[in-house]
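# Observations on the three-dimensional arrangement
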Amino acid sequence: MTKKQTILVVEDNVLIVKFYHMALGRQGGYEVYATEEVEEILTLARSGAIDLVILDISLSGAQYRGKQIDGVQIAELLRKDEDTAHIPILIATAHAMEGDREKIISATSADDYLEKPIYDSKKLIEKIEALLSTNKGRAIQSG
Amino acid sequence: MENFLEIQRYINFTEQDVAILKRLAPIMQPHLPKMAERFYSEIPKHPEAFKVFREPEQIDRLRRSLQRWGTELFTGVYDEKYVQQRYQIGHIHVQIHLPQKYVISAMALVREYFHQVINQEIDDAPFRMQANISMDKILDIDLNLMCEAYFSTSMQALREINQQLEEANRRLHEASEVKSEFLARTSHELRTPLSSILGFIRLVVDGVCQTREEEMDLLNDAFQAAEHLLSIVNDLLDVARIEAGKLEMQPRPFEVRPILRQVFALTTLQAEQKSVQLKDGTDPIKLPRVWGDPERFKQVLINIIGNAVKFTDHGQVMVSTRLDDGYLQFEVKDTGIGIAKEKQAELFEKFKQVDTSLTRRYGGSGLGLVISKHLVERMGGKIELHSEGLGFGTTVTFTIPIHPKYLDS
Ligand code: HEM
């Protein structure tokens, strides 16, 4: 078997982080790592250790250069850097008003978007599998 | 006046008319007192007249004014001053709220009388015809100028109404924006705990847990999230009731001590979990009976003390009381994160919330202060918040009236 794929979870609600650990770690068999520390997110992503990012939009503890930032800005940082631009981003947010999806997808150029409540772990895993396999395709093409 | 030239052109008022009107002057002059006489014997019969004619001397004065008005029709000088003055006469009628139609019908009366005079005084047929035509033209001009005053007043009123409407519209728009933002935020705040509740129950149902302890742990988390959701829903319902003016109060005299004890029991647990000291600095012996709704009072205490504990990571929360001129004042002082001065006013505003990342980090609907303010004020007290800014802690004080019987003794 190949190495476990690693999912980075950027989420400020401890209960939801716990859900991802159980659903993706235990049930999905992925390596799950959760943090809101922006520098850490960027370092991990650059090191090539991250296969996919699950990104919340409203964050309470994400500081970058002394400023509070949100998921949209984190996505921008990841996309800007050519070492991390290819990592699939799955937005997972409780913003679910008319137009939020379009606005956020276009602002983050995310690969997919899920609205909370997110609780169907099987569907979540399917979605992640789909993103990981298209990304592999992309990586092979470009490499 | 540009408009005057236009009226002249429209009515085809020429030099010839000016000459004829000048020639008419000596013929008409002797008849003007009679014209004014007739005018003011007819006009007060108008149904609206009683509203505008107040004193009997007024009619005498108006007779003279109308004669002067008649004389000026034949001076042969129809310049800027003439126009202004005619416009001014129109304006006076606007100001006394005389409907325009009465001016028009009064003008018909004058016209008829003048034609009578001309027909009776002038034998030369061509001149008589010319005189009638020119007379009609100058009266048309006068009527136009008087009506112009009505028109411009309506325009002015319309402009003002428009401005008011625009202003009202802007305010409505703002209010509706604040409400949609509130709705978006509420939807967000409800979805977050819902995600945990559904997620954990689903994990247990799917048999993901390996031990019974693990199952219990996840269910306990789901329960906590559900309680959080319930508190948000309760706050929302309270705000909706406040908005609709339907929040019920059952005021009566009650003892503060037992309620304080209950609230301390609840919040001490919360404080101990994060190693914050909750200190009871209230007078242990004599707290007076107060007047209000005890359940609502308890809600305020839970909110304020709960907030203080929530927003304090180290240090203490001190609750104290003092008597204040017929009121019992509570002070809840914490060493927590504090709040920037410029944001303090917004805290008590419905549908505005300073920083949603705070509620996300610390939980709650963010409506506690809005509700508390309403409850305290409904019970006749006052609530205030002081903070020297971020990092300097927060002090909230609120009052509740002391039961009058206690004050007498
Ligand atoms: C052809 C129509 C009319 C003409 C030419 C006319 C002319 C005048 C004039 C020259 C004045 C004096 C303005 C001044 O003080 O400088 C005046 C005032 C007045 N007019 Fe007329 N008027 C007309 C129709 C009417 C009618 C129909 C009414 C009432 C039903 C009326 C009621 C009054 C009143 C009450 C004032 C006095 C306003 C005040 O000073 O308190 N007028 N009018």
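First, a word on scope: everything that follows refers to the structure included in this document.

Reading guide: rules and limits
- One numbering rule holds for all chains: residues counted from 1, following each sequence as written.
- Chains and ligands are labelled by the order in which they are written, letters from A for the one and numbers from 1 for the other.
- Whole-chain, interface and lining totals are the exception, using all residues; otherwise, since this is a predicted model, local features are given only for residues with pLDDT of at least 70 and side-chain atom pairs are given and counted only at 80 or more.
- The side-chain values count all of the structure's non-hydrogen atoms but skip hydrogen atoms and water molecules.
- When the centres of two rings from Phe, Tyr and Trp lie within 6.5 Å, Trp using its six-membered ring, the rings pair. Their planes under 30 degrees apart give stacked, over 60 give edge-to-face, and anything left gives tilted.
- Strands here mean DSSP runs of E at least two residues long; helices mean DSSP runs of H or I at least four residues long; both are numbered from the N terminus.
- With a 1.4 Å probe rolled over the protein chains alone, any residue whose accessible area is under 20% of its type maximum counts as buried; one over 50% counts as exposed, and the rest are partly exposed.
- Any Lys NZ or Arg CZ that is within 6 Å of a ring centre and within 35 degrees of that ring's normal is treated as a charge sitting over the ring.
- We call two residues contacting when some pair of their heavy atoms lies within 4.5 Å.
- Two parts lose some accessible area (1.4 Å probe) when they are put together, and adding that loss for both gives the buried area.
- For this document, the term salt bridge refers to a Lys or Arg side-chain nitrogen within 4 Å of an Asp or Glu carboxyl oxygen.
- Ten residue types, Ala, Val, Leu, Ile, Met, Phe, Trp, Tyr, Cys and Pro, are classed as nonpolar, four, Asp, Glu, Lys and Arg, as charged, and the remainder, Gly among them, as polar.
- Being near a molecule or strand, for a residue, means having at least one of its heavy atoms within 4 Å of it.
- Detection works on a 1 Å grid of protein atoms alone, calling trapped sets that fit a 1.4 Å probe cavities and calling open sets with protein on both sides within 12 Å along at least five of seven lines pockets, with lining residues defined by an atom within 4 Å of a point.
- Any molecule with more than half of its atoms within 2 Å of a cavity's or pocket's grid points is counted as sitting in it.
- Criterion used throughout: strands pair if DSSP finds at least two bridges between them.
- Angular values range over 0 to 180 degrees, each being the angle between N-to-C directions of two axes fitted as lines to C-alpha atoms, with helices fitted over their stretch in contact.
- Two N or O atoms form a polar contact when they lie within 3.5 Å of each other; inside protein one atom must be a possible hydrogen donor and the other a possible acceptor, and for residues adjacent in sequence the pair counts only when both atoms belong to side chains.
- Here the term donor refers to an N, O or S atom within 2.8 Å of the metal (or 3.2 Å for Na, K and Ca), and because water is left out of the atoms, sites may appear incomplete.
- By the definition adopted for this analysis, an angle is roughly parallel if under 35 degrees, roughly antiparallel if over 145, roughly perpendicular if from 65 to 115, and oblique otherwise.
- Handedness of a crossing follows from how the near helix is turned relative to the far one, being left-handed for an anticlockwise turn of less than a right angle and right-handed for a clockwise one.
- Only residues whose relative accessible area exceeds 30% and that form no salt bridge enter a patch; like-charged residues are grouped when within 9 Å of one another, and nonpolar side chains (Val, Leu, Ile, Met, Phe, Trp, Tyr) when within 5 Å.
- Note on areas: Shrake-Rupley with a 1.4 Å probe; residue coverage comes only from the protein chains shown.

All right, on to the packing of aromatic side chains then. Residues and elements named next belong to chain B. Taken as a whole, this structure holds nine aromatic pairs over all chains when the rule is applied. Taking the centre distance of 5.4 Å and the plane angle of 55° together, the rings of F297 and F330 count as tilted. Within this pair, whereas F297 is found in helix α11 (residues 294-310), its partner F330 is found in strand β5 (residues 327-334), the two being separated by 33 residues in sequence. A relative accessible area of 0% means that F330 is categorised as buried. Every member of this aromatic cluster is reached through a ring pair, and the members are F254, F297, F330 and F398. When the ring centre of F127 is taken as reference, the NZ or CZ atom of R23 above it lies at 3.7 Å. Here K373 stacks its cationic end above the ring of F348, 5.7 Å away from the centre of that ring.

Contact residues are listed per partner, giving 25 residues for chain A and 26 residues for chain B. Per-residue buried area on chain A facing chain B is highest for L15, R26 and Y119 of chain A; these three make up 23% of the total on that side. Scanning the region where chain A abuts chain B turns up four salt bridges. Residue R202 of chain B pairs with D120 of chain A through a salt bridge whose shortest N-O separation is 3.9 Å. Of all the elements, helix α1 (residues 14-27) of chain A adds the most residues to the side of chain A that touches chain B, at eight residues. Grouping the constituent residues of the side of chain A that touches chain B by class yields 12 nonpolar, seven polar and six charged.

This brings us to the environment of E349 of chain B. In this fold, E349 of chain B is placed in the loop between β5 and α12 (356-362). In this structure the C-alpha to C-alpha distance between E349 of chain B and V370 of chain B, which are 21 residues apart in sequence, comes to 6.2 Å.

Take the environment of L385 of chain B next. Checked against the element boundaries, L385 of chain B lands in strand β6 (residues 383-386). The sequence separation of L385 of chain B and L347 of chain B amounts to 38 residues, and the corresponding C-alpha distance is 9.1 Å.

Residue and element names in this part refer to chain B. For the ligand, the set of nearby residues contains 19 residues, the closest of which are I43, L62, I92, H93 and L98. One can see that the ligand is located within the second largest pocket. Top element by residues in the shell around the ligand is helix α5 (residues 56-72). It accounts for five residues. Its residues placed into classes, the shell around the ligand shows 16 nonpolar, three polar and no charged.

Further remarks concern the sheet that holds strand β2 (residues 31-34) of chain A. Strand-to-strand pairing in sheets goes through backbone hydrogen bonds, with the strands running parallel or antiparallel. All names here are of chain A. Strand order across the open sheet formed by five strands is β2-β1-β3-β6-β7, with parallel pairing between neighbours. Two strands bound the open sheet, and with one partner strand each, they are β2 and β7 (112-115). Recorded for the sheet is a direction-independent mean angle of 20° between the axes of neighbouring strands. Two elements, strand β1 (residues 6-10) and β2, share four bridges in a ladder whose sense is parallel.

Here we come to the side chain of E36 of chain A. Residue and element names in this part refer to chain A. Take E36: it is sitting in the loop between β2 and α2 (38-46). Of the residues examined, E36 reaches a relative accessible area of 17% and is grouped as buried. Within polar-contact distance, the side chain of E36 engages the backbone nitrogen of S60 at 3.3 Å. A polar contact of 2.6 Å, which involves the side chain of E36, links it to the backbone nitrogen of G61. Those residues within four positions of E36 in sequence are excluded, and the remaining contacts are E11, D12, I41, L59, S60, G61 and A62.

Time to look at the coordination of the iron atom of the ligand. The protein gives the iron atom of the ligand a lone donor atom, H93 of chain B (NE2), placed 2.0 Å from the metal. Within the secondary structure, H93 of chain B sits in helix α6 (residues 80-95).

Let us look at the sheet that holds strand β2 (residues 277-281) of chain B. Residues and elements named next belong to chain B. Pairing in this open sheet of five strands is mixed, and the strands run β2-β4-β5-β7-β6 from one edge to the other. Of all the strands in the sheet, just β2 and β6 have a single pairing partner and so form its edges. Strand-to-strand twist in this sheet, taken as the mean axis angle between neighbours without regard to direction, amounts to 15°. Here β2 pairs with strand β4 (residues 316-324) via five bridges, running parallel. The residue bridging K279 from the neighbouring strand is M318, located in β4. Here helix α10 (residues 257-273) sits on the sheet in contact with β2, β4 and β5, set at roughly 165° to β2.

With that out of the way, let us pick up the environment of N119 of chain B. Residues and elements named next belong to chain B. Its place among the elements puts N119 in helix α7 (residues 100-121). With 13 residues separating them in the primary sequence, N119 and N132 have C-alpha atoms 8.3 Å apart. Aside from chain neighbours lying at most four places away, what touches N119 is R128 and N132. Among the polar contacts made by the side chain of N119, one reaches the side chain of N132 at a distance of 3.1 Å.

What follows is about the side chain of N303 of chain B. Within the secondary structure layout, N303 of chain B lies in helix α11. In contact with N303 of chain B, other than residues within four places in its own chain, are G368 and S372 of chain B.

Each pair of packed helices can be described by the angle between their axes along with the distance between the axes. Residue and element names in this part refer to chain B. Direction vectors running N to C along helix α9 (residues 212-244) and helix α13 (residues 368-378) enclose 45°, while the axes themselves pass 10 Å from each other. The pairing of α9 with α13 is recorded here as oblique in orientation. When you trace α9 past α13, the crossing you get is left-handed. Residue-level contacts link D235, D238, V239 and I242 of α9 to G368, I371 and H374 of α13. Broken down by class, the residue content of the contact of α9 with α13 amounts to three nonpolar, two polar and two charged.

Bringing a nonpolar patch on the surface into the picture now. Residues I201, V205, M216 and L219 of chain B make up a contiguous nonpolar surface patch of about 350 Å² in total accessible area. The set of elements that each furnish at least two residues to the nonpolar patch consists of α8 (125-205) and α9 of chain B.

Quick look at the pairing of strand β7 (residues 395-401) of chain B now. Within a regular strand, side chains alternate between the sheet's two faces. All names here are of chain B. Where burial is concerned, most of β7 is hidden: seven out of the seven residues are buried. Residues T395, T397, T399 and P401 of β7 are buried on one face, and the alternating residues V396, F398 and I400, pointing to the opposite face, are buried as well. Direction of pairing for β5 relative to β7: antiparallel, over a ladder of seven bridges. Residue pairing for β7: L328 is matched across the bridge by I400.

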